[in-house]
Amino acid sequence: MSDLYVSWSDYHQKIEQLAAQLYRSDWQFNQIVCIAKGGLRVGDVLCRLYHYPLAVMSASSYQGEGNRQRGQIRFSDHLSMTTETLGDRVLVVDDLADSGVSLRESKQWLLDHYGDTIRDIRTAVLWYKSCSVFKPDYYVDYLSDNPWIHQPFEYYEATPIAEIAAKYEGAISTN
């Protein structure tokens, strides 16, 4: 398996490319649901650009050393959202379709819980790997060699908080 290293600049550019692709598609969605954790940043930027409400679906499937082992997917019991109801044309976003299970199961979870109000549901990611069992409706890059993607925020998963605090020793006032 190869590795793909992504900088913050590249990461934000991919989100903008996805936003432009959605715009050019002429599909009219009215709700964004991001799959947390990976889809949080993608969902945040898209909801700011499109001015549509963002709902957060918490899901977890990676575990083990370096968070590289796929396990059984677990969902929160409810969506976190500030609107009374979920929109009827839902865009589900995540950072990538790796195995595709999270994306596929998230879409099914939404249909199971909100199917009576959803008229259309589509999916969007930054990276779509060839090993994925689910093809997203929108994606920026198709990765035929299935690399492990090193995203810029992984720094925070690997760095002890004590190391971060030491960097700012004396620079932060305590109240």
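In this report, the structure presented in the accompanying data block is examined. (Residues numbered from 1 in each chain as written. Predicted model: local features only at pLDDT ≥ 70, side-chain atom pairs only at ≥ 80, totals over all residues. Heavy atoms only, no water.)

## Here we look at helix H2 (residues 40-50)
Inspection of H2 places Val-42, Gly-43, Leu-46, Cys-47 and Tyr-50 among the buried residues, and these make up the whole buried set. Angularly, the buried residues of H2 cover 120° about the axis, an arc narrow enough to put them on a single face. (Buried < 20%, exposed > 50% of the residue type's maximum accessible area, 1.4 Å probe, protein only. Helix = DSSP H or I, 4+ residues; strand = E, 2+ residues; numbered from the N terminus. Arc of directions from axis to C-beta.)

## Examining the pattern of salt bridges
Tallied over the full model, the rule gives 8 salt bridges. A salt bridge links Asp-44 to Arg-48, with the nearest nitrogen and oxygen atoms 2.9 Å apart. Residue Asp-44 and its partner Arg-48 are located together in helix H2, separated by 4 residues, close to a single helical turn. Exposure remark for Arg-48: the relative accessible area of 58% places this residue in the exposed category. The salt bridge partner of Arg-119 is Asp-88, with a shortest N-O separation of 2.7 Å. One end of the pair, Arg-119, is in the loop between helix H3 (101-114) and strand S7 (120-129); the other, Asp-88, is in the loop between strand S4 (69-75) and strand S5 (89-93), with 31 residues separating them in the sequence. Assessed through its relative accessible area of 62%, Arg-119 is described here as exposed. A single network of salt bridges, built from pairs that share partners, joins Asp-88, Arg-89 and Arg-119. (Salt bridge = Lys/Arg side-chain N within 4 Å of Asp/Glu carboxyl O.)

## A few points about the packing of helix H1 (residues 8-25) against H2
Their axes nearest at 10 Å, the elements H1 and H2 cross at an angle of 50°. For the element pair H1 / H2, the angle class is oblique. Considering only the axes of H1 and H2, their crossing is right-handed. Taken together, the residues of H2 that come into contact with H1 (itself represented by Trp-8, Tyr-11, Ile-15, Leu-18, Ala-19, Leu-22 and Tyr-23) are Arg-41, Val-42, Val-45, Leu-46, Leu-49 and Tyr-50. (Axes fitted to C-alpha atoms, helices over the stretch in contact; angles between N-to-C directions. Parallel < 35°, antiparallel > 145°, perpendicular 65-115°, else oblique. Left-handed = near helix turned anticlockwise from the far one by under 90°. Contact = heavy atoms within 4.5 Å.)

## Points about H3
The end-to-end C-alpha distance of H3, which contains 14 residues, comes to 19 Å, matching closely the 20 Å that a straight helix rising 1.5 Å per residue would cover. Buried within H3 are the following residues: Ser-102, Leu-103, Ser-106, Trp-109, Leu-110 and Tyr-114. All buried residues of H3 project into a common sector of 125° when viewed along the axis, lining one side. (Expected span 1.5 Å × (residues − 1).)

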